[in-house]
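Residue-level listing of the chains:
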Amino acid sequence: MSIYYRLDGLTDNLNPEGSRKRGLFPRIIRKKTVSLRELCELAAAGTTFNVFELESAGRLLISEIIDQLSDGNNVCLDDFGTFSLSAEAIRPAQDEYDIRAESIRVKKVVFKTSKRLMSRMKYVVFKRKPKQKT
């Protein structure tokens, strides 16, 4: 298995024209998005589990993760990472009485990878995507 990448030009819109930074950065070329069903089909191959059982368990797990986050908890999936929430105020406030619970919302779901997952990613092989002939 390997990950294909291409090099894209760096866009610098913050500096004036004469002092803009130039360069290239790698961009991963994603092959496809794998669904829960596809993951379950791959995981079930060579086991005694059937795809339906794994998919049902996966959906239950996702539902429970959402419930736990909605209750203000972090969710740690061992050797994978931790999900948590961050919040933001709908409008700026100058003092603590300017913001009530009704004016706070979830900004995003944050995922922090585990050390084990990141250590496994160190061994991923990258290949430059061949240029297409025109």
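A.B. asks: An account of a nonpolar patch on the surface is needed here, citing residue identities and associated values.
C.D. replies: A grouping of Val34, Leu39 and Leu42 is seen on the molecular surface, where their side chains present a nonpolar patch of about 290 Å² in accessible area. Judged by relative accessible area, Val34 falls into the partly exposed class, the value being 38%.

A.B. asks: Can you tell me about the sheet that holds strand S1 (residues 3-9), naming the residues and giving the values?
C.D. replies: Two pairing modes exist for strands in a sheet, parallel and antiparallel, and in both the strands are linked by backbone hydrogen bonds. Strand order across the open sheet formed by 3 strands is S2-S1-S6, with mixed pairing between neighbours. Among the strands making up the open sheet, the edge pair consists of strand S2 (24-28) and strand S6 (126-128). This sheet shows a mean twist of 45° between the axes of neighbouring strands, independent of strand direction. Sheet analysis places S1 next to S2, joined by 5 bridges and oriented antiparallel. Its bridge partner being in S2, Tyr5 is matched across the sheet by Ile28.

A.B. asks: So what's going on with the packing of helix H1 (residues 36-44) against helix H2 (residues 51-70)? Which residues, and what values?
C.D. replies: At a closest axis distance of 9 Å, the pairing of H1 and H2 adopts a crossing angle of 130°. With respect to H2, the axis of H1 lies oblique. Handedness of the crossing formed by H1 with H2: right-handed. Of the residues in H2, those in contact with Leu36, Arg37, Cys40, Glu41, Ala43 and Ala44 of H1 are Val51, Leu54, Glu55, Gly58, Arg59 and Ile62. The class makeup of the residues in the contact of H1 with H2 is 7 nonpolar, 1 polar and 4 charged.

Conventions we followed
- Residues numbered from 1 in each chain as written.
- Predicted model: local features only at pLDDT ≥ 70, side-chain atom pairs only at ≥ 80, totals over all residues.
- Heavy atoms only, no water.
- Patch = residues over 30% accessible without salt bridge, like charges linked within 9 Å, V, L, I, M, F, W, Y side chains within 5 Å.
- Areas by Shrake-Rupley, 256 points an atom, 1.4 Å probe, with all protein chains shown as cover.
- Salt bridge = Lys/Arg side-chain N within 4 Å of Asp/Glu carboxyl O.
- Buried < 20%, exposed > 50% of the residue type's maximum accessible area, 1.4 Å probe, protein only.
- Pairing = 2+ DSSP bridges.
- Helix = DSSP H or I, 4+ residues; strand = E, 2+ residues; numbered from the N terminus.
- Axes fitted to C-alpha atoms, helices over the stretch in contact; angles between N-to-C directions.
- Parallel < 35°, antiparallel > 145°, perpendicular 65-115°, else oblique.
- Left-handed = near helix turned anticlockwise from the far one by under 90°.
- Contact = heavy atoms within 4.5 Å.
- Nonpolar A, V, L, I, M, F, W, Y, C, P; charged D, E, K, R; others polar.

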